[in-house]
Amino acid sequence: MINQDGGSGRELILVDGLSPSDVALIHREALRVLRSGIDAAHVDAYSDDAWPPAVLHSYERALSLAREAVADGTRSRRADLGMGIDVDVRDDAQFELLLDLVPYTIHAEGWWRERQVFSASDSGTSLWIAVTQEQETELLSRLDTLGIPPNALAVQPRGRSRSSRWWRPGRRRRGR
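Conventions adopted
Residues numbered from 1 in each chain as written. Predicted model: local features only at pLDDT ≥ 70, side-chain atom pairs only at ≥ 80, totals over all residues. Heavy atoms only, no water. Axes fitted to C-alpha atoms, helices over the stretch in contact; angles between N-to-C directions. Helix = DSSP H or I, 4+ residues; strand = E, 2+ residues; numbered from the N terminus. Parallel < 35°, antiparallel > 145°, perpendicular 65-115°, else oblique. Left-handed = near helix turned anticlockwise from the far one by under 90°. Contact = heavy atoms within 4.5 Å. Nonpolar A, V, L, I, M, F, W, Y, C, P; charged D, E, K, R; others polar. Expected span 1.5 Å × (residues − 1). Salt bridge = Lys/Arg side-chain N within 4 Å of Asp/Glu carboxyl O. pLDDT = per-residue confidence, 0-100.

A. Broad picture of the packing of helix 2 (residues 56–71) against helix 3 (residues 92–101). Packing of helix 2 against helix 3 brings their axes to within 9 Å, and their N-to-C directions diverge by 125 degrees. Viewed along their axes, helix 2 and helix 3 adopt a mutual orientation that is oblique. Helix 2 and helix 3 meet at a crossing whose hand is left-handed. Taken together, the residues of helix 3 that come into contact with helix 2 (itself represented by His-57, Ser-58, Tyr-59, Arg-61, Ala-62 and Leu-65) are Gln-94, Glu-96, Leu-97, Asp-100 and Leu-101. Residues belonging to the contact of helix 2 with helix 3 are distributed by class as follows: 5 nonpolar, 3 polar and 3 charged.

Quick look at the structure:
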C-alpha cells in the first residue's frame, strides 16, 4: 500500500471480542489519527441498533447537513436523506459529529485523493484503516493510554482485498 505521502503503510482491521466501549474508542481514535489525511468523508445516518442518547444531537445534525446539501443543490432531492452524508473533517463541529456516529453507523468512509483510508460499518463491528507507519505508532500509543491492547487491531492479511472482507453478496456497494 502506498500512503498519501508516497511511502508504504499498512491496512489494519478491528479484531473480534472487544467490549462495545473499547470498539467505540478505537473507531474515534483511528479517525483522530487519520483526520489530517482525509479530504472527503461520508457517513450514513442509519444504525442497526438504536442511536445512543449521547449521540442523538449528532444524528440530527447529520440529517440537517443532508437537508442543507439538498437545499443548496449539491445533493439530489431523490437521494436517501440518511445515506452518504458528506462531512467536512476540517470543520471541528462536523468532525465531532463524525466521531459520534462512526462507532454506531451502518457505514462511514474517509478518502484521501481518491483512495479510501477509512471504513467503518455494520454498526461498529467492522473497521478498516490504511495508515502510515507514523499514524500506526500514534494510534497504538493513543490506544495504550486508554488501556486498549495493541492486538485490538490486526494487520489485514496480504492477498486479501478489503472488498472481499467488507462487501458480501447481497450488500449494495457504494461508490464515491
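B. Here's a closer look at helix 4 (residues 133–145). Compared with an ideal rise of 1.5 Å per residue, which puts 13 residues at 18 Å, helix 4 spans 18 Å between its outermost C-alpha atoms and is within 8% of the ideal. Looking at the packing, one finds that the buried side of helix 4 touches strand 1 (9–14), helix 1 (20–34), strand 6 (126–132) and strand 7 (153–155). Remark: Gly-147 follows helix 4 within two positions and exhibits a positive phi of approximately 80 degrees.

C. Looking closely at the pattern of salt bridges. Under the defined criterion, the tally for this structure stands at 7 salt bridges. Three or more residues joined by partner-sharing salt bridges are found here, namely Glu-29, Arg-32, Glu-138 and Arg-142.

D. Broad picture of the confidence of the model for the chain. Overall, the predicted model of the chain reaches an average pLDDT of 86, with 85% of residues at or above 70. The model gives residues 1–7 a pLDDT under 50, and that stretch makes 20 contacts with residues more than four places away or in other chains. Of the regions scoring below 50 in pLDDT, residues 162–176 engages in 33 contacts with residues more than four places distant in sequence or in other chains.

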